[in-house]
Amino acid sequence: MFSRFLKFIVPPFTFRVFFRRIFYSNLKKVPLEKPLIFVGNHQNSFMDGILTGAYLPQPIHFTMRADMFRKSFARFFLRELNVTPIYRLEEGLENVHRNLETFSAIYEILKKNGNFIMFSEGICVQEKRLQKLRKGTARLAFGAEEKYGLDVHVVPVGINYTYPARFRKEVMINFHDSFSIKELKNLYKEHPAKALLLFNAKCDAGLQREVVIIEDPANDVMAEQLFVMTRNDIIHPFFRWKFDTDDRRQAEKSLSEKINYISKTSVELTEDLREKVKAYKGLLDEHRLKDENVARKLDRGWLRYLTVIAGFPVFLTGYLANLLPFIVPQTICNRLIKDPRFYSSVYITAGTLLYLLYFPLILILAGIFAGLTGVLLALLVPVTGYMALFYQEILKERCNTLRYRRKSLINKPLITRLVKQRGEIMSLIAGISVPSE
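Now for a quick tour of the structure. (Residues numbered from 1 in each chain as written. Predicted model: local features only at pLDDT ≥ 70, side-chain atom pairs only at ≥ 80, totals over all residues. Heavy atoms only, no water.)

1. Quick word on the overall build of the protein chain
The helix and strand tally for the protein chain stands at 17 helices and 9 strands. In terms of C-alpha radius of gyration, the protein chain reaches 24 Å, essentially the compact-globule figure of 22 Å for 437 residues. Counting every position in the protein chain, which comprises 437 residues, the buried fraction comes to 48%. For the protein chain, restricting intrachain contacts to residue pairs at least 6 apart in sequence, the fraction spanning at least 24 positions comes to 76%. Summed over all atoms, the accessible surface of the protein chain reaches about 22300 Å², with 61% contributed by carbon and sulfur. With 64 positive and 44 negative side-chain charges, the protein chain shows a separation of 6 Å between the mean positions of the two kinds. (Helix = DSSP H or I, 4+ residues; strand = E, 2+ residues; numbered from the N terminus. Rg over C-alpha atoms; globule rule 2.2 N^0.38 Å. Buried < 20%, exposed > 50% of the residue type's maximum accessible area, 1.4 Å probe, protein only. Contact = heavy atoms within 4.5 Å. Areas by Shrake-Rupley, 256 points an atom, 1.4 Å probe, with all protein chains shown as cover. Lys, Arg positive; Asp, Glu negative; His and termini not counted. Charge placed at Lys NZ, Arg CZ, Asp CG, Glu CD.)

2. Concerning the nonpolar core
Core analysis: the biggest nonpolar cluster contains 46 residues, and Phe15, Phe19, Ile22, Phe38, Leu51 and Ile173 have the highest contact counts within it. In terms of residue count, the dominant contributor to this core is helix α16 (residues 381-410) (6 residues). If we skip the residues at most four places from it in the chain, phenylalanine 38 touches Val30, Thr52, Leu56, Asn115, Phe116, Ile117, Met118, Val155, Val157 and Phe175. Judged by nonpolar contacts, the second largest core, of 29 residues, contains Leu150, Val152, Leu184 and Cys203. (Core = buried A, V, L, I, M, F, W, Y, C linked by side-chain atoms within 4.5 Å.)

3. Notes on the packing of helix α4 (residues 99-111) against helix α5 (residues 136-148)
Where α4 meets α5, the closest approach of the two axes is 10 Å, and the angle between their N-to-C directions is 60°. In terms of orientation, α4 lies oblique with respect to α5. With respect to the hand of their crossing, α4 and α5 are arranged in right-handed fashion. From α4, Phe103, Ile106, Tyr107, Glu108, Leu110 and Lys111 reach across to α5, where they touch Gly136, Arg139, Leu140, Gly143, Ala144, Lys147 and Tyr148. Partitioning the contact of α4 with α5 into residue classes produces 7 nonpolar, 2 polar and 4 charged. (Axes fitted to C-alpha atoms, helices over the stretch in contact; angles between N-to-C directions. Parallel < 35°, antiparallel > 145°, perpendicular 65-115°, else oblique. Left-handed = near helix turned anticlockwise from the far one by under 90°. Nonpolar A, V, L, I, M, F, W, Y, C, P; charged D, E, K, R; others polar.)

4. Re the pairing of strand β4 (residues 83-86)
Here β4 shows a buried face lined by Val83 and Pro85 and a second buried face lined by Thr84 and Ile86. In this sheet, β4 lies alongside strand β3 (residues 62-65) in parallel orientation, the contact comprising 4 bridges. Bridged to arginine 65 within β4 is isoleucine 86. (Pairing = 2+ DSSP bridges.)

5. A word on the side chain of aspartate 291
Looking at the secondary structure, you find aspartate 291 in helix α11 (residues 291-295). Note on aspartate 291: relative accessible area 5%, which makes it buried. Here arginine 422 takes part through its side chain, which lies 2.6 Å from a polar atom of the side chain of aspartate 291. Non-local contacts of aspartate 291, meaning those with residues more than four positions away in its chain, are made with Gln225, Val228, Met229, Asn232, Tyr280, Leu284 and Arg422. (Polar contact = N/O pair within 3.5 Å; in protein donor to acceptor, adjacent residues only side chain to side chain.)

6. Structural notes on the packing of aromatic side chains
Under the criterion given, the structure shown has 27 aromatic pairs. An angle of 20° between the planes, with centres 5.2 Å apart, marks the rings of phenylalanine 167 and tyrosine 347 as stacked. Of this pair, phenylalanine 167 sits in the loop between β6 (153-161) and β7 (169-175) while tyrosine 347 sits in helix α15 (residues 343-378), placing them 180 residues apart in sequence. Ring centres of tyrosine 386 and phenylalanine 390 lie 5.0 Å apart, and the angle between their planes is 85°; this geometry places the pair in the edge-to-face category. Linking tyrosine 386 with phenylalanine 390, this pair stays in helix α16, spanning 4 residues, or about one helical turn. Sitting over the ring of phenylalanine 238, arginine 20 keeps its end group 4.9 Å from the ring centre. (Phe/Tyr/Trp six-rings, centres within 6.5 Å; stacked < 30°, edge-to-face > 60°. Lys NZ or Arg CZ within 6 Å of the ring centre and 35° of its normal.)

7. Observations regarding helix α8 (residues 220-232)
For α8, which comprises 13 residues, the first-to-last C-alpha distance of 18 Å matches the rise-based estimate of 18 Å (1.5 Å per residue) to within 8%. Every buried residue of α8 is accounted for by Met222, Ala223, Gln225, Leu226, Phe227, Met229, Thr230, Arg231 and Asn232. Taken together, the buried residues of α8 touch α9 (247-265), α10 (267-286), α11 and α17 (412-430). (Expected span 1.5 Å × (residues − 1).)

8. Details of the environment of glycine 423
Along the polypeptide, glycine 423 turns up in helix α17. Residues glycine 423 and leucine 269 lie 154 residues apart in sequence; the distance between their C-alpha atoms is 16 Å.

9. Regarding the pattern of salt bridges
Scanning all chains against the criterion turns up 26 salt bridges. Ionic pairing is found between glutamate 145 and lysine 185, a salt bridge with its closest N-O pair at 3.6 Å. Remark: lysine 185 occurs in helix α6 (residues 185-190) and glutamate 145 occurs in helix α5; sequence separation between them is 40 residues. A relative accessible area of 10% places glutamate 145 in the buried class. Members of the salt-bridge network, linked through shared partners, are Arg21, Glu170, Glu224, Arg231, Arg248 and Glu252. (Salt bridge = Lys/Arg side-chain N within 4 Å of Asp/Glu carboxyl O.)

10. Observations regarding the packing of α8 against α10
Interaxial distance between α8 and α10 falls to 10 Å at its minimum, and their mutual angle equals 65°. Viewed along their axes, α8 and α10 form a crossing whose handedness is left-handed. Across from Met222, Gln225, Leu226 and Met229 in α8, the residues of α10 making contact are Thr270, Leu273, Arg274, Val277, Tyr280, Lys281 and Leu284. Here the contact of α8 with α10 is built from residues that sort into 7 nonpolar, 2 polar and 2 charged.

11. What to know about the side chain of asparagine 26
Residue placement: asparagine 26 occurs in the loop between β1 (19-25) and β2 (36-40). In terms of polar contacts, asparagine 26 uses its side chain to reach the side chain of lysine 28, at 3.2 Å. Those residues in contact with asparagine 26 that sit more than four places away from it in its chain are Asn174, Phe175 and Asp246.

12. Focus: the environment of phenylalanine 315
In this structure, phenylalanine 315 sits in helix α13 (residues 312-321). Separated by 270 residues in sequence, phenylalanine 315 and serine 45 place their C-alpha atoms 33 Å apart.

13. Examining unusual backbone geometry
The phi dihedral of serine 45 is positive, around 50°, even though this residue is not glycine. Of note, serine 45 is situated in the loop between β2 and α2 (46-53). The exposure class of serine 45 is buried, given its relative accessible area of 11%. Positive phi values are uncommon outside glycine, yet asparagine 113 reaches one of about 60°.

Pasting the structure below:
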């Protein structure tokens, strides 16, 4: 019951506030009529599972490492969210046998054509790299077929964040082609160890195609700036927040593959690109300019200035009316959450629970002190709060644009230099050809 209620609240409301954009693509590839195991990469704690299953038509189920169930409150809360504990060696060898009970519970869900979201890496790491997959998911899938003859379909899922621990950023979820566990049934009967390895290889191959990966950590800084530049070449509708296309992820995946390719084949080209990106980024930072202004001229700029002026009363009203929901989750996370892997999960949990208390209280108080008129005005509180978020973004963008235009007037050679540097970088990237597999 609680999980269904949160699924009704979180995707359309909480995610709309926390994420600037969500790209949720290729769900049509998923055989929803089959028992499903989703295998995703793991960057962002509990958030990964919620995002993967947020827009599935059926209830979603997760697994989580058993140490998260130690406290009674957490245990109750997680059970209500359809979370099942998985016992790893890290939780003690003496507890691993308890996975038999866990697997039995999972089989009962799968027998009803349910689903489970698994993170076979077994560890959450916020970097653009995949960890080695563990064999627990494979054993679970083969067990479901062996014991109950279930045609479990395994779906690799790529979960890619722009910045996983930041507010109002973006996430891209893409579903890969599924495979049936029955494809490996005969191999499992003859050579179980080989079947487990092949299962993981198929999952890994799917994730390799769906996840944006930078293989060499030495390229992380350069890659991040290039990702920003690539994003700034794509213009999305300003108020739209959810997309079902994969173009955005494909652009970043293509860029990452080019970086990985030259890193392995040409040290000179990699260093040349790194130096160009460093010089360009350094010049932008030195003059407090943004790549988005060098990349493009935004349409209807005059309308944005008008919005900044005319929209200020709405922003002020929305911000003050939602002051507690704006500042409390951020304050909690900034003071208590030291591990960035848990930042967004705690932020969304705190924000959702707070607003579920805050908004009804506002309605009640408004009704008591101002009657029906007060209730009608109180209904505008979340709307004006949502508009305040967009106002802040427009204001920030207009300030950056004004600074850029001022520099264009007083230091035209600087702008010419930036445009030239950016053009050289993007031309260099465009000229890299990665051989097809």
